[in-house]
Amino acid sequence: MGFDYFEGKQWNEVTRDERYFCSHLYHEINQDVSSFIQWLSSNKIYQFSDTELNSTWEIGYEVCFYRDYINYFKKDSKSALLKSATEQTNIYSPKRTFDLCLFGPNHIIIIEAKAQGRFHSEQNEEFVEDKNLVKKLLGSQNLKVGMIALASSQYFENMNTYKKPLPEVISNNYMHWKHLYKLFGNSVLLDA
């Protein structure tokens, strides 16, 4: 039962804020991260090796990766890491935040979400850059960094209808909220 001022609806039926959706999704996934990894693989949303499927995974929400990693592990060289050699600009943006991140032993998967909007071309360029910057910052040759795009089913249908190609960085790795609606017990919030 909702509220009169929302015409009988509840806030979770009214909001279109992606942080609200992602918070809900984070709590659902965090109950059993391994099952979610298995689900991503079995639905061909993301490909994992057998070792990765059986590894321990963690999920993060609103991950301010560059800022927090540098502050925790690179305290002595923070200013050097934040400035490029040729410019006085941040190469690791202290404000860049990933909606969700899956952390495995040798794999980080960034999930970028849109509740109702679309991915813009400058964001697609950021996705490619983020994959490279995360690897560079961690300095690991064996680390895999992947990306999954999450948007409404309508967004992906429109891309197909109008024959617009998805950006290469997400073309093989995407899911929509309706996928998650079915996975997490038909949650009203995830039905987009």
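Right above here is the structure, for reference.
The present account deals with the structure reproduced in this document. (Residues numbered from 1 in each chain as written. Predicted model: local features only at pLDDT ≥ 70, side-chain atom pairs only at ≥ 80, totals over all residues. Heavy atoms only, no water.)

1. Quick look at helix 5 (residues 65–73)
Cut-off, in case you're wondering: Relative accessibility thresholds used throughout: buried, under 20% of the residue-type maximum; exposed, over 50%; partly exposed, between the two (1.4 Å probe, protein chains only). Working definition: helices are DSSP H or I runs of at least four residues, strands are E runs of at least two. Numbering for both runs from the N terminus. It is the directions from the helix axis to the C-beta atoms that the arc portrays.
Three or more residues of helix 5 are buried, namely Phe65, Tyr66, Tyr69 and Ile70. Mapping the buried residues of helix 5 onto a view down its axis gives an arc of 110°, with all of them on the same face.

2. Digging into a negative patch on the surface
Our working definition: Residues form patches when they are more than 30% accessible in relative terms and have no salt bridge. Like charges link within 9 Å. Nonpolar side chains (Val, Leu, Ile, Met, Phe, Trp, Tyr) link within 5 Å. Using a 1.4 Å probe, the Shrake-Rupley method yields the accessible areas, and only the shown protein chains count as cover for residues. Here, a salt bridge means any side-chain nitrogen of Lys or Arg that lies within 4 Å of a carboxyl oxygen of Asp or Glu. Positive charges are assigned to Lys and Arg, negative charges to Asp and Glu, while His and the chain termini are left out of the count. By convention, charge coordinates are those of NZ in Lys, CZ in Arg, CG in Asp, or CD in Glu.
Together, Glu122, Glu125, Glu126 and Glu129 give the surface a local cluster of negative charge. With respect to the element layout, Glu126 can be found in helix 7 (residues 121–138). What makes Glu126 partly exposed here is its relative accessible area of 36%.

3. Overview of the sheet that holds strand 3 (residues 107–113)
Stated formally: Paired strands, as defined in this entry, are two strands with at least two bridges between them according to DSSP. Only C-alpha atoms enter the line fits that serve as axes; for helices the fit covers just the stretch in contact. Angles between N-to-C directions range over 0 to 180 degrees.
Strand order in this open sheet of five strands is 1-2-3-4-5, and the pairing throughout is mixed. Both outer strands of the open sheet, strand 1 (58–63) and strand 5 (174–176), are each paired with one neighbouring strand and no more. Mean inter-strand twist for the sheet, computed between neighbouring axes without regard to direction, equals 25°. Taken together, the three bridges between strand 4 (residues 144–151) and strand 5 define a ladder with parallel strand orientation. Residue pairing for strand 5: Leu150 is matched across the bridge by Met175.

4. Remarks on the packing of helix 5 against helix 7
Filter applied, for reference: By the definition adopted for this analysis, an angle is roughly parallel if under 35 degrees, roughly antiparallel if over 145, roughly perpendicular if from 65 to 115, and oblique otherwise. Contact between two residues is taken to exist if any of their heavy atoms lie within 4.5 Å; hydrogens are not considered. Gly falls in the polar group here, along with every residue not listed as nonpolar (Ala, Val, Leu, Ile, Met, Phe, Trp, Tyr, Cys, Pro) or charged (Asp, Glu, Lys, Arg).
One way to put it is that helix 5 packs onto helix 7 with a least axis distance of 11 Å and a crossing angle of 5°. Of the possible angle classes, the one that applies to helix 5 and helix 7 is roughly parallel. Taking contact as the criterion, the partners of Phe65, Tyr66, Tyr69 and Ile70 in helix 5 are, on helix 7, Asp130, Leu133, Val134, Leu137 and Leu138. When the residues that make up the contact of helix 5 with helix 7 are grouped by side-chain class, the tally is eight nonpolar, no polar and one charged.

5. Side note on the pattern of salt bridges
Applying the stated criterion across every chain yields a total of five salt bridges. Ionic pairing is found between Asp17 and Arg19, a salt bridge with its closest N-O pair at 3.2 Å. Looking at Asp17, the relative accessible area reads 29%, which means it is partly exposed. Taking the relative accessible area as the measure of exposure, Arg19 reaches 48% and is therefore partly exposed. Across the pair Asp68 and Arg67 runs a salt bridge, and its minimum N-O distance is 2.7 Å. Judged by its relative accessible area of 37%, Asp68 is partly exposed.

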